[in-house]
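Given next are the chains, with one letter for each unit.
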Amino acid sequence: MGQVLGCVQVDQSTVAIKETFGKFDDVLEPGCHCLPWCIGSQVAGHLSLRVQQLDVRCETKTKDNVFVTVVASIQYRALAESAQDAFYKLSNTRNQIQAYVFDVIRASVPKLDLDSTFEQKNDIAKTVESELEKAMSHYGYEIVQTLIVDIEPDVHVKRAMNEINAASRMREAASEKAEAEKILQIKRAEGEAESKYLSGLGIARQRQAIVDGLRNSVLAFSESVPGTSSKDVMDMVLVTQYFDTLKEIGASSKSNSVFIPHGPGAVKDIASQIRDGLLQGNAAAE
């Protein structure tokens, strides 16, 4: 009914292109407008001023001969003050933007290897945005933002990259495990060395105590029994310890013992035989 009466409605965030007898006449802002059809006025079309998004998938090759698919997201909009250019100069805006994106990406990515492509994707996005801004501004469009949302290597390359990464992590884990085992061995050796050192100190103190006890016993016995020498007292102590040892060996049913040589001779020879046995034991140990 409105068109019959020559009235048209233009929605918000939209402009309409007015023509008179097929020639551009004016850009109609949002609202109600009167276009008398009888004098040749009509609406040639509408142009949205909203931000639009175009996702472009571009396959290209890197400097190290790896094929990748670069996914770029282009956000753009028509400018109200350049609505005439935006409406008349381009027949297919999306195809035009896509062609520029292909051109820039295929000129930029082949200069970079695969790793650098991932690292410099923001630089690639800025290059695409800059070139698009210069090209599309002549057609009444503004490039709001350009994003490189994904870089997809060939499936075989991706599998190889994952295997390399897994091997690297396994090698690092093996290195860490070996380092941990090394530390454990070092700590274990240090503990054993400390244990032997403390054991040696204990044995040395034990022997020192035995020596001190024997010395005190010899001095006390010599003072109590006049006319006895230190050698006589030591012989008696050795014989006493010898028989105590034999008694303990005989009382034990699970003893592994080495007997020092002795014979049924006089008791006075036992001390010398003990000394000979000790000397033989030391010689065998050496």
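Numbering of residues starts from 1 in each chain and follows the order in which that chain's sequence is written. Only residues with pLDDT of at least 70 are given local features in this predicted model, and only at 80 or more are side-chain atom pairs given and counted; all residues enter the totals for whole chains, interfaces and linings. With hydrogens and water stripped out, all remaining heavy atoms of the structure feed into the side-chain values.

Would you take a moment to explain the sheet that holds strand E2 (residues 14-20) for this structure?
Adjacent strands of a sheet form backbone hydrogen bonds with each other and so pair up, either parallel or antiparallel. If you walk across this open sheet you meet the 3 strands as E3-E2-E5, and the pairing is antiparallel. Whereas interior strands pair on both sides, the edge strands pair on one side only; in this sheet they are strand E3 (23-28) and strand E5 (41-48). The sheet shows a mean angle of 30 degrees between the axes of neighbouring strands, direction not considered. A pair of strands is treated as paired once DSSP finds two or more bridges between them. Put simply, DSSP H or I for four residues or longer makes a helix, DSSP E for two residues or longer makes a strand, and each gets a number counted from the N terminus. The pairing of E2 with E3 spans 5 bridges and is classified as antiparallel. The residue of E3 that forms the bridge with Glu-19 is Phe-24. Throughout, an axis means a line fitted to C-alpha atoms (over the contacting stretch in the case of helices), and angles, computed between N-to-C directions, take values from 0 to 180 degrees.

What's the story with a negative patch on the surface in this structure? I'm lost.
A surface patch of like charges, here negative, comprises Asp-64, Asp-113, Asp-115 and Glu-119. In this structure, Asp-113 sits in the loop between helix H3 (93-108) and helix H4 (114-119). Surface patches are defined over residues having more than 30% relative accessible area and no salt bridge, joining like charges when they lie within 9 Å and nonpolar side chains (Val, Leu, Ile, Met, Phe, Trp, Tyr) when within 5 Å. What sets the accessible areas is the Shrake-Rupley method with a 1.4 Å probe; for residues, cover comes only from the shown protein chains. In what follows, salt bridge is the name for a side-chain nitrogen of Lys or Arg lying within 4 Å of a carboxyl oxygen of Asp or Glu. In this count, Lys and Arg are taken as positive residues and Asp and Glu as negative ones, while His and the chain termini are left out. Where a charge sits is defined by one atom per residue type, namely NZ (Lys), CZ (Arg), CG (Asp) or CD (Glu).

Sorry, what's going on with the environment of Gln-96 here?
As for its placement among the helices and strands, Gln-96 is situated in helix H3. On the basis of relative accessible area, Gln-96 is assigned to the partly exposed category, the value being 23%. Gln-96 sits 36 residues away from Leu-132 along the chain, and the two C-alpha atoms are 9.9 Å apart. Partly exposed residues are those whose accessible area sits between 20% and 50% of the maximum for their type, while under 20% is buried and over 50% is exposed, using a 1.4 Å probe and protein chains only.

Would you mind showing me how to read the packing of H3 against helix H5 (residues 121-136) here?
Describing two packed helices takes the angle between their axes plus the distance from one axis to the other. Contact pair H3 / H5: the axes reach a minimum separation of 10 Å and the direction vectors enclose 140 degrees. In this view, H3 runs oblique relative to H5, as classed from their interaxial angle. Between H3 and H5 the crossing geometry is right-handed. Facing Thr-93, Gln-96, Ile-97, Tyr-100, Val-101, Val-104, Ile-105 and Ser-108 of H3, the residues of H5 in contact are Thr-127, Val-128, Glu-131, Leu-132, Ala-135 and Met-136. For the contact of H3 with H5, a count of residues per class yields 9 nonpolar, 4 polar and 1 charged. Here roughly perpendicular refers to angles of 65 to 115 degrees, roughly parallel to angles under 35, roughly antiparallel to angles over 145, and oblique to all remaining angles. Helix crossings get a hand from a simple test, with the near helix turned counterclockwise from the far one by less than a right angle marking a left-handed crossing and a clockwise turn marking a right-handed one. By definition in these notes, contact holds between two residues if any of their heavy atoms fall within 4.5 Å. Three categories are distinguished: nonpolar for Ala, Val, Leu, Ile, Met, Phe, Trp, Tyr, Cys and Pro, charged for Asp, Glu, Lys and Arg, and polar for the others, with Gly belonging to the last.

Would you mind going over H5 with me for this structure?
A turn of α-helix holds 3.6 residues, and therefore any two residues three or four places apart point the same way. Expected span, for any helix, means 1.5 Å times one less than how many residues it has. Taking 1.5 Å of rise per residue, 16 residues should cover 22 Å, and H5 covers 22 Å from first to last C-alpha, within 8% of that figure. Taken as a whole, H5 has its buried residues at Ile-124, Ala-125, Val-128, Leu-132, Ala-135 and Met-136. End-on, the buried residues of H5 take up no more than an arc of 100 degrees, which puts them together on one face. Away from its buried face by more than 90 degrees, H5 exposes Asn-122 and Lys-126. Contacts from the buried residues of H5 go to strand E7 (67-78), H3, H4 and strand E8 (141-153). Directions drawn from the helix axis to the C-beta atoms are what define this arc.

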